[in-house]
Amino acid sequence: TVTAFTEYLGRFGDQDSSTLYVEGMAVGEPYYLFFDVFVIDGVEGSGTYQDDFSVSIDGSSVLSTSFDNVTGSQLYPGSPSESGSSLGYSSTADSIYRRVYLTFLADDHRGAIRFEVDMSGSLSDESFGLDNVMVLSEEDAQPYLPIFRDVSFLSGFDIDNDSTDNAGSGLLWGDIDRDGDLDAVVTGLDARLLRLDLATGVYSAQTLGSGGNVRRQGALLDADRDGDLDFWAVNVSSYNDERLFAYTGGSMSDIGSAGFSGPSNNEGVAAGDVNADGWTDLVMFSENGNWIGINTGESPVNFDATVDSDDGLTGFGLNGNGEYASGADANNDGYPDFLYHYGVGKLFQSRGDGTYIANNRGISIRTGGSYKSGSAWGDYDNDGDMDVFSPSFLDGEAGFLHRNLGVSDVYDSVSGEDVPMALFADAASGAGLDSTAQQRSAAWGDFDNDGDLDLLITTDDDDPLLLYENQGDGTFLLVDKGAAISGDLHDAVFVDYDNDGDLDIAVTRSGDTNVLLENLTDDANYLKVRMVREGENDAIVDVVGARVELWNSDASAILARREIGVARGYGGIEPMWAHFGGVTPSSTYTVRIVWPGGDEVSQQVVPASVSTTIGSTTIAQMLSVTQADQARARVVRWREVSSVDDE
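Every value quoted in this text rests on a predicted model; they were computed, and no experiment measured them.

### Digging into the overall build of the protein chain
Each helix and strand counted, the protein chain has three helices and 52 strands in total. In terms of C-alpha radius of gyration, the protein chain reaches 26 Å, essentially the compact-globule figure of 26 Å for 647 residues. Summarising its shape, the C-alpha atoms of the protein chain cover approximately 100 × 55 × 50 Å along the three principal directions. Out of the 647 residues belonging to the protein chain, those deemed buried represent 59%.

### Concerning the nonpolar core
In terms of nonpolar packing, the biggest core is built from 74 residues, with W173, F231 and W232 touching the most fellow members. When residues of this core are assigned to their parent elements, the largest contribution, five residues, is made by strand β18 (residues 230-236). Judged by nonpolar contacts, the second largest core, of 29 residues, contains F35, F104, I113 and V133.

### Notes on the sheet that holds strand β31 (residues 400-412)
Consider a sheet: its strands pair through backbone hydrogen bonds, and that pairing is either parallel or antiparallel. Ordered by their spatial adjacency, four strands build an open sheet running β29-β30-β31-β32, and the pairing between neighbours is antiparallel. The open sheet has two edge strands, β29 (376-378) and β32 (417-426), and neither has a second partner. The average angle at which neighbouring strand axes cross in this sheet is 30 degrees, direction not considered.

### Overview of the sheet that holds strand β38 (residues 504-510)
Pairing is antiparallel in the open sheet, where four strands are placed in the order β11-β40-β38-β37. Either end of the sheet is taken by a strand with one partner, and the two such strands are β11 (148-150) and β37 (488-495). Across the sheet, the mean angle from the axis of one strand to that of its neighbour is 25 degrees, orientation sign disregarded. Looking at chain direction, β38 and strand β40 (residues 515-519) are connected through three bridges and run antiparallel. Residue I505 lies in a different strand from β40, and its bridge partner there is L517.

### Points about the pairing of strand β49 (residues 600-605)
Across six bridges, strand β48 (residues 589-594) lies against β49 in antiparallel orientation. Considered in β49, the bridge of R592 is made with S602. Hairpin remark: β48 followed by β49, antiparallel, with five residues in the connecting loop; positive phi at G597, about 100 degrees.

### Focus on the confidence of the model for the protein chain
Low pLDDT marks stretches whose predicted atomic positions should not be read closely. Of all residues in the protein chain, 96% attain a pLDDT of 70 or more, and the chain-wide mean is 91. The low-confidence segment residues 631-647 (pLDDT under 50) makes 27 contacts with residues lying over four places distant or belonging to another chain.

Definitions and cut-offs
- Residues numbered from 1 in each chain as written.
- Predicted model: local features only at pLDDT ≥ 70, side-chain atom pairs only at ≥ 80, totals over all residues.
- Heavy atoms only, no water.
- Helix = DSSP H or I, 4+ residues; strand = E, 2+ residues; numbered from the N terminus.
- Rg over C-alpha atoms; globule rule 2.2 N^0.38 Å.
- Buried < 20%, exposed > 50% of the residue type's maximum accessible area, 1.4 Å probe, protein only.
- Core = buried A, V, L, I, M, F, W, Y, C linked by side-chain atoms within 4.5 Å.
- Pairing = 2+ DSSP bridges.
- Axes fitted to C-alpha atoms, helices over the stretch in contact; angles between N-to-C directions.
- pLDDT = per-residue confidence, 0-100.
- Contact = heavy atoms within 4.5 Å.

Below, the structure is given as structure tokens:
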């Protein structure tokens, strides 16, 4: 480190400038200049009254740009880290751009860095400020260099979010309109459908429900198998009214409760093919019971919704005023399992017949009623089974990383048979996940395309977004990478929104705007996988809960595992397309798909040689796998019967 200036400098008005001097540089060596820009009051980024901001080093210009609070347009290619609140100068239109950086070669041991503004108005109308100016050598700069760039403003993702902790604000990503890019549903008190125009990189927004009042958790599923994704909301305008929003003609419409009528004080929901009949079902987690809604395949959409202690989901201590649910095939039987945030957590592992065993098998988490949190499943150690991270909202307590120790047969007294069940052990402290910030949500994803899953954790107002980089040895390192945004953070997820092969980050923030961070890695060390089946009238249907595994070429060693569209986080889901990093584009791999119910298919793939076309969009290095027609009988509801019928 050459130097750092951490005292706020400003405000600057028209024609103001400030020069900082740096000593101790090595001549001819590259250096990085970092700084934060405070954009105050009526600064305009374009038009007749454009206000200009420039930086020069030893008289040579290294930056000439503009920032904006007014016009909606600017020269600087990023979005503000914070905006919309007063910085104390009688203004309500202020912004802060964190970690702006430049590179330069030192031509002397001593350098003069000059910041200058050229403005159209007076100091009382508009001004700039500076903070956290650093000059670092190339080596010292590496931990500070951002991989992520804030594009919330430029993309239109920066929707105001006035949701509360109790109402939540989840993120659900899928190609809702079937145009070849991922769209988003944001839940909460400002719920929106955000559809991306990939050509412009800009989102259009539709308010959902009555004024956006669509609370807590949601799910994406193609409920009618017509080829586009629908949205299930656990609470619309109250905590007792669940609704299905069907996507047609460019928008989503509320088409009613679709067979559900009994759940009350609804908390969470998980979509999955519970009976493996090819139609996606719903499991609702509510205070008065945990309900299974079997998709009957009828038109209009109907779920045969029941709450029954024989299902194993409902009973004393199993349901109540809880939080969110997450899903994965924890015991590897091809059927969805669930972790409900209630009590010390309730883990439900499937028997494979539509019923469940409630046994935590080593999982114990922190829950808190109105202080809601949500977990995320992922195979962080690449051993082929699903582990789970559960945040803790208790100040001073770290979250819980439960490593899956493997699946073994355990005698089940209800069925009288051995049932495969996963066993877990908490590995958080040894893994370095030791932040004791108040936490809400989590998400897994390989942001650096190195082959292992990294971890995102959202926090409250006092701490920034936590980004943990997987070191590949069972431990994690807390890094910045330009992702350390602040605010009252609700949900976060890794998602490749721009189809360039690296995972970006989306975040919801209460009392502020939502955030989209673009990943600038831009390498080809990835493979994406899309899993579909044929629906009605030859429609292409996303398969929620399908498992995809990446193996080496001869399928002798598993490399990674993902699950599609399962419940996750602070009311959200895993994205509908799988992403694997750490691949060599020209090498051969084996992809193994496990469909709901356990049917398997494998095929070899060379990432650089595959692509998927959806509509007019072709997505490089994406493999699409279509499930064959299912031969099994369609089961709508089942019950045990004696071997001899009573007459």
